[in-house]
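The primary structure of each chain is shown beneath.
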Amino acid sequence: CFYSAVCFICEIQWNFFFKTHFLKEALGFVFITYEVLSLKKLLQIDTQALHQEKLKSYIYVHTGSLNQKHFSTFDGEDHECALWLLLKRTQSEDKEVRLQAVQDLANNSHWHGYQYGTVAQTCDQRTAIGLARSKGINLRFFLPPPPLPKVKNDYTIEDELRLLLVSLPQTYLDPCVQHFTSLALRESSQILAAQRGGLWCFGGNGLPYCETLSKIPSETVELFCLQALVQHSKVSSHCDKIEAKGGLQLLQRIYQLRKDSAKIQRNIIRIIGNMALDERLHASIVRAGWISVLAEVMKSPHVIQSSHAARALANLDRDTVKEKYLDGVYVLHPQYRTSQPIRADILFVHGLLGAAFKTWRQQDIDRRLDKKASEGQEEYSQCWPKTWLASDCPALRVISVEYDTDLSDWKAKCPVEAHRKSIAYRSNELLDKLRAAGIGDRPLVWVSHSMGGLLVKKMLVDASKNPEMEKIVNNTRGIIFYSVPHHGSQLAEYSMNARYLLFPSVEVKELSKDSPALKELNDDFLSLAKDKKFSVLSFAETLPTHISSMIKLHIVPLESAKLGIGDLIPVDVNHLNICKPKKKDAFLYQHTLKFIQDVLAQELGD
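About the cut-offs
- Here the residue numbers are simple positions, counted from 1 along each chain's written sequence.
- Confidence filtering applies because this is a predicted model: local features only for residues at pLDDT of at least 70, side-chain atom pairs given and counted only at 80 or more, and all residues used for totals across whole chains, interfaces and linings.
- In computing side-chain properties, one takes all heavy atoms of the structure into account and sets aside hydrogens as well as water.
- In this description a helix means any DSSP run of H or I spanning at least four residues, a strand means any run of E spanning at least two, and both kinds are numbered starting from the N terminus.
- Any two residues whose heavy atoms approach within 4.5 Å at even a single point are treated as in contact.
- Type-normalised accessible area, obtained with a 1.4 Å probe on protein chains alone, sets the label of each residue: buried when under 20%, exposed when over 50%, and partly exposed for intermediate values.
- Pairs of strands are assigned from DSSP output, requiring at least two bridges between the strands.
- Interaxial angles span 0 to 180 degrees and are taken between N-to-C directions of axes, which are lines fitted to C-alpha atoms, for helices over the stretch in contact.
- We call two N or O atoms a polar contact when they sit within 3.5 Å, provided that within protein one can donate a hydrogen and the other can accept it, with sequence-adjacent residues counted only if both atoms are side-chain atoms.
- In this analysis a 1.4 Å probe is tested at points of a 1 Å grid over the protein atoms alone, and where it fits but cannot get out there is a cavity; an open set with protein on both sides within 12 Å along at least five of seven lines is a pocket; lining residues have an atom within 4 Å of a point.
- Grid points are joined across faces, edges and corners, and a volume is the space filled by probe spheres set on the points.
- The classification used treats Ala, Val, Leu, Ile, Met, Phe, Trp, Tyr, Cys and Pro as nonpolar, Asp, Glu, Lys and Arg as charged, and all other residues, Gly among them, as polar.
- Paired rings are identified among Phe, Tyr and Trp, the last through its six-membered ring, by centres lying within 6.5 Å, and are further divided according to the angle between planes into stacked (under 30 degrees), edge-to-face (over 60) and tilted (the rest).
- We define the nonpolar core as a collection of buried residues of types Ala, Val, Leu, Ile, Met, Phe, Trp, Tyr and Cys that are connected through side-chain atoms lying within 4.5 Å of one another.

Peer 1: Tell me what's going on with the side chain of E323, and back it up with residues and numbers.
Peer 2: Looking at where E323 falls in the secondary structure, it is placed in the loop between α15 (303-316) and β3 (329-333). For E323, the residues in contact, after removing those within four places along its chain, are R318, R397, A436, A437, G438 and R442.

In structure tokens, the structure reads:
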């Protein structure tokens, strides 16, 4: 009985506990349900509104040439049709339809995020290149570079570069290519030996040379190797080898790892631009992920970086660009696809120790001393032909060329075959590059500084004797000379006597005052200019230039800048600043602009 009583009491307690607990749970559930229902009433979601927003694609398509029959069975919502229709049109056989479709894709700013991804994954090579050359393009149109293969164990970037260089042909090469390759292999081998704690011996002119090694910075070695690859990439057959040996992927790896080195990245893009001259390699360049990289670099605020990328993309864009831009030839405007017809060309040629971009930058102003001028001054121009001239004359194609020069053979980048540095050799070399770029197909104005003016005169004289180059002469409308030493320069005499220039370069020797070669060139040019009725404008410096902390030199005196035809305008600046206007409304720029507009008045119209 006692046992039964205990069990009865326990059952009552258990039932009470269970029912109480269950009741609490039930009440809690009812409370939560009540809250959810209340919240739902407060937050009524209008799904119809969301659906309508989804349908808003804001795609403005030119309907004139649309062919809807291809989409009669398209299984998708209305707002998707415009995207797929444009993608279909980018593959049209009709070039105008194709180009308009790419422009519509690029110009529409209301694509959804997933639609950018759709284009990136489905567009063909030609469309991707066209998008990359569209101004203000959204980078979401491009897939990122593909994952790179893993590096072999114990291999560094320098090792891989060295193996690539060793695999390239080393015989029957241009002497400069041989020089840069041997230099790169030597330096990369030295760092390998240094890492292993040993000595590296190599032959120089047949003599063994050994040196104790210290750690060479990796960036320095990579630059040596990349400079060698730049030279190799100028040889078409070597580009094939670079691609076959995985060079495009290796360069992609270095580019991603060296985000902090503009010089390394610039050399890499220069190589890609050279390889892009061969259409057979275009597919490989695209597969290696270079289109997204080039599109991004095009947006760089640094004119040198963006211009290298623009050159590479122009060489890839065979749909709208018939010209080919060889190494050292840069288009400053237009760098993107444009519907603006190009009426004429302006060609900039720098002088001794100059460059395609830095020669033509805006003159530096000390803002501390000229606060008033700096307050009203627009943003500094790294290259006034690219910014000011392109803005004032958008119908012009603006091109700048670059070639290596040195004061002394001690400092020459490629100290072999001195005749290569002569004006005669450079004239032939540049003429070939300029014809490939289409110079001579339109009316042309030359703009030159210092020794560059002598090179311009030589090119025109040489072109007049070559039927294949005759178009360059016949289409020349005018020439601008900034402090050109038509009768020699005092710099040559100073350099010949300076102790630290024991071996003055060929360029310097050719600038000697009253040089017979200069006189012959000037006579030939004057005869040609008068026959063809070239318009000529010359500027002359009146201030000396600091060539060292202790020495000032009037590099091109007024009498040497006097050509014998055209206007000669003295300007109170030195030799370096004669081609660098202080600001856009400065006399130097405005007079240059007026001359260009006058001689091209027929082509430019209003």
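Past the structure itself, the notes keep going.
Peer 1: Give me helix α17 (residues 384-392): which residues, what numbers.
Peer 2: Taken residue by residue, α17 has W384, P385, W388, L389 and A390 as its buried positions. Where α17 is buried, its residues contact β3, β4 (344-349), β5 (396-401), β7 (476-482) and α25 (587-599).

Peer 1: Give a detailed account of the sheet that holds β4, specifying residues and quantitative values.
Peer 2: The sheet built from seven strands is open, its strands ordered β3-β5-β4-β6-β7-β8-β11 with mixed pairing. Every interior strand has two partners, whereas the edge strands, β3 and β11 (567-571), have only one. Direction aside, neighbouring strands of the sheet carry axes that sit 20° apart on average. Across five bridges, β7 lies against strand β8 (residues 535-541) in parallel orientation. Residue pairing across strands places I480 opposite L537, the latter belonging to β8. The sheet contacts of α17 involve β3, β4, β5 and β7, and relative to β4 the element is tilted by about 155°.

Peer 1: Describe in detail the environment of T387, supporting the description with residues and values.
Peer 2: Following the sequence through the fold, T387 ends up in helix α17. Along the primary structure T387 and H333 are separated by 54 residues, whereas in three dimensions their C-alpha atoms are 8.7 Å apart. Engagement of the side chain of T387 in a polar contact is seen with the side chain of S381, the distance being 2.7 Å.

Peer 1: Any chance you could break down empty space enclosed by the protein for me, citing the residues and the numbers?
Peer 2: Scanning the entire structure with this criterion turns up one cavity of 30 Å³ or more. Roughly 30 Å³ of internal volume is contained in the largest cavity. Lining the largest cavity, in full, are T90, R98, L99, V102, R126, T127, D319 and R337. At the level of secondary structure, the elements contributing two or more residues to the lining of the largest cavity comprise α4 (95-107) and α6 (125-132). The element that contributes the greatest number of residues to the lining of the largest cavity is α4, accounting for three residues. Tallied by class, residues from the lining of the largest cavity come to two nonpolar, two polar and four charged.

Peer 1: Explain the packing of aromatic side chains to me, using residue names and the numbers behind them.
Peer 2: Following the criterion strictly, the structure yields twelve aromatic pairs and no others. The interplanar angle of 10° and the centroid separation of 5.2 Å between the aromatic rings of Y482 and F539 together place this pair among those described as stacked. With a gap of 57 residues between them, Y482 in strand β7 and F539 in strand β8 connect regions that are remote in the sequence. Look at Y482 and you get buried, because its relative accessible area is 2%. These aromatic residues form a ring-pair network of at least three members: F348, W360, W384, W388, Y482, F539 and Y589.

Peer 1: Account for the nonpolar core, naming residues and giving values.
Peer 2: Membership of the largest hydrophobic core comes to 65 residues, with the highest contact counts inside it found for L131, L229 and W290. Considering each element in turn, this core owes the most residues, seven residues, to helix α9 (residues 218-232). Other than its neighbours up to four places away in sequence, W290 contacts L248, L251, Q252, Y255, I268, I272 and I285. One finds V349, L430, F525 and L528 within the second-largest nonpolar core, a separate group that totals 43 residues.

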